[in-house]
Amino acid sequence: MQEVITTDIDTALASIDDAKAAGLDEFNAIFFKKTWHLIKHDIYDVVLEFFDQAYIHKPVNCITITLIPKLDNALYAKGYRPIAWFIPGRQIVDNILLATELIRGYNRSHMSPRCVIKVDTKKAYDLVQWVFLESMLKELGFPERCLSDMSKNPDLNYHPKCERISLTHLMFADDLLMFARADHSSIEKIVAAFHKFSRASGLEASNEKSCIYFSGVHQDVATQLAEVAIDENNTG
């Protein structure tokens, strides 16, 4: 990962909308911008400590789950749509940082072939049973059991940035990111692995919201590989 310096933190703060609140204390970005000359060195210390020592203060790593009603007078959990969630056993920021690093540079030329498949699960909290969520995600480690089996498949080629850490996927609530080398066999296997998870959990992909990103391949090859993913999805 590229070293983080203080100017990166300055740039990150400048990119945040003034009305956005960074945390549960509800101090919005304009507060930090107006007082930056007074507080920036403390912020630098906290952020750089995280990247240097992989340590984050617990109050920073908290989240609020907001339930958005999907119908009038909702009485049960299935009547709401959560817009934030956490992954058991993993820090909330881990997946965000990993995903950011893995997709960096996709618009550059002369990249080795790679792809990211973003799967948006359709009506996730309507289709899946809470018993499944508790027992499978907690005790059996889904979707890891289905998707991690891909690493044992000799026909699957890792995303160039993922082989060293044997990473095939990241999950964010009802969004799933799957990573592989941009070739026919790997895409076929990674989509088939998702269908294994789908059959076990009842979660289905929303084709309208799902997409695939390529780098390091010509447009005609990318089109052909996208068709492989679509064909495998339709037959899965």
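Conventions we followed
- Residues numbered from 1 in each chain as written.
- Predicted model: local features only at pLDDT ≥ 70, side-chain atom pairs only at ≥ 80, totals over all residues.
- Heavy atoms only, no water.
- Helix = DSSP H or I, 4+ residues; strand = E, 2+ residues; numbered from the N terminus.
- Polar contact = N/O pair within 3.5 Å; in protein donor to acceptor, adjacent residues only side chain to side chain.
- Buried < 20%, exposed > 50% of the residue type's maximum accessible area, 1.4 Å probe, protein only.
- Contact = heavy atoms within 4.5 Å.
- Core = buried A, V, L, I, M, F, W, Y, C linked by side-chain atoms within 4.5 Å.
- Expected span 1.5 Å × (residues − 1).

## Observations concerning the environment of lysine 189
Mapping lysine 189 onto the fold places it in helix H8 (residues 184–201). Separated by 40 residues in sequence, lysine 189 and alanine 229 have C-alpha atoms that sit 9.4 Å apart. There is a polar contact of 3.4 Å between the side chain of lysine 189 and the side chain of glutamate 188.

## Section: the environment of leucine 167
Mapped onto the fold, leucine 167 is located in the loop between helix H7 (144–148) and strand S4 (169–172). What makes leucine 167 buried here is its relative accessible area of 10%. Sequence separation between leucine 167 and phenylalanine 179 is 12 residues; the distance between their C-alpha atoms is 7.6 Å. In this structure leucine 167 touches Leu102, Tyr158 and Cys162, once residues within four positions along its chain are discounted.

## Regarding the nonpolar core
Within the largest apolar cluster, 22 residues are counted, with the highest numbers of intra-cluster contacts made by Ile117, Val119, Met178, Ile187, Phe194 and Phe214. Of all the secondary structure elements, the ones that give two or more residues to this core are strand S3 (114–122), strand S5 (175–180), H8 and helix H9 (219–235). Contact partners of isoleucine 187, with chain neighbours within four places excluded, come to Cys115, Ile117, Arg181, Ile212, Phe214, Leu225, Val228 and Ala229. Membership of the second largest hydrophobic core comes to 10 residues, among which are Val116, Tyr158, Leu167 and Phe179.

## A few points about helix H3 (residues 36–53)
Along an α-helix, a turn takes 3.6 residues, which lines up residues three or four apart on a common side. Compared with the 26 Å implied by 1.5 Å per residue over 18 residues, the 24 Å span of H3 between its first and last C-alpha is a close match. Of all the positions in H3, only Trp36, Tyr44 and Phe50 are classed as buried. Looking at the residues trailing H3, positive phi occurs at alanine 54, about 55°.

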